[in-house]
Amino acid sequence: MRRPIIAGNWKMNNTIKEAVELVNGLKRELVDVNSVDIVVSPPFTALSDVNELIMDSNIKLSAQNVYWQEKGAFTGEVSTAMLKDAGCSYVIVGQSERRQYFNETNETVNKRLKAALAGKMQVIVCVGEVLEEREANKAFDVIKEQVQGSLQGISSLDINNVVLAYEPVWAIGTGKTASAEQAQEIHHYIRGLLKDIFDEERASEVRIQYGGSVKPDNVKELMQKEDVDGALVGGASLKIDSFSAIVKGAV
Ligand code: PGA
């Protein structure tokens, strides 16, 4: 059985004060949830403060990106060791906004992934097609390239520490969710790719999240699908009530 995992990607939102308020509310609302992995991903500036508050709770801390070098003259970047020092056990790599606006490629996603895995972090690796690719019936090809490219050279031991997130770009922040059937179709395809890269047992253990306009009222239907093991939530993770309801909807 794959344990459900719900992660809130706060993106470039929340001051430290706002982050503290949000996470205090989540702690209160979610204290009794123990059958779902709950992850929050604040901006770098709020990581340490949020960590202080969730240290002894059922909520785990994630960063939104990591650089692959250990240290040195890389202005603006943050290393795996720095993230761990701030309390992160998770990191998200390859989220579509990184790919769209910051020149992220499968190759750089792969480097970030390897650095984070070497530091024993759990890594959420995002993949997903844009609308034109879906309309041109290229979604499967794009996903294949992204999954294979991002996971290049990852060992079958390390894949245990990876969560895949399927996020169709046309569904991110648009209010337009993929149907549960569309999500399942791609998730099933991704699991098949994992089987080819690793083996059947490993593939059956990897968790695959869906992301793209996940809300309290659509999470249940998505989670009922066989290969949907959780959600990566953007907009709806910024409010105590909606994120709590999504986590509870995944129980
Ligand atoms: P959204 O974002 O829930 O606001 O659509 C999802 C994501 O980018 O992780």
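Residues numbered from 1 in each chain as written. Predicted model: local features only at pLDDT ≥ 70, side-chain atom pairs only at ≥ 80, totals over all residues. Heavy atoms only, no water.

*Asks:* In this structure, what is going on with the overall build of the protein chain? I would like to understand it.
*Replies:* Within the protein chain, the regular secondary structure consists of 11 helices and eight strands. Each of the three principal axes of the protein chain carries a C-alpha extent, and together these read 45 × 45 × 35 Å. Out of the 251 residues belonging to the protein chain, those deemed buried represent 53%. Here the contacts in the protein chain between residues at least 6 apart in sequence split such that 74% fall between residues at least 24 apart. A total accessible area of about 11,800 Å² is found for the protein chain, and carbon and sulfur atoms account for 49% of it. (Helix = DSSP H or I, 4+ residues; strand = E, 2+ residues; numbered from the N terminus. Buried < 20%, exposed > 50% of the residue type's maximum accessible area, 1.4 Å probe, protein only. Contact = heavy atoms within 4.5 Å. Areas by Shrake-Rupley, 256 points an atom, 1.4 Å probe, with all protein chains shown as cover.)

*Asks:* Help me understand the site of the ligand in this model?
*Replies:* If you check the shell around the ligand, you find 13 residues, and the closest are Lys11, Gln95, Glu167, Gly173 and Ser213. The contact in question runs from an oxygen atom of the ligand to an N or O atom on the side chain of Gln95, over 2.6 Å. Computed on the free molecule, the ligand has an accessible area of 280 Å², of which 95% lies beneath the protein chains in the complex. Grouping the constituent residues of the shell around the ligand by class yields four nonpolar, seven polar and two charged. (Near = heavy atom within 4 Å. Polar contact = N/O pair within 3.5 Å; in protein donor to acceptor, adjacent residues only side chain to side chain. Nonpolar A, V, L, I, M, F, W, Y, C, P; charged D, E, K, R; others polar.)

*Asks:* Can you help me understand helix H5 (residues 106-118) in this one?
*Replies:* Turn by turn, an α-helix covers 3.6 residues, leaving residues three or four places apart pointing in a common direction. End to end, H5 covers 18 Å across 13 residues, agreeing with the expected 18 Å (1.5 Å per residue, within 8%). For H5, every residue scored as buried is listed here: Asn106, Thr108, Val109, Asn110, Arg112, Leu113, Ala115, Ala116 and Leu117. Close packing links the buried residues of H5 with helix H3 (80-85), strand S4 (90-93), helix H4 (96-101), strand S5 (122-127), helix H7 (139-150) and strand S6 (162-166). Positioned one or two residues after H5, Lys120 has a phi angle of 65°, which is positive. (Expected span 1.5 Å × (residues − 1).)

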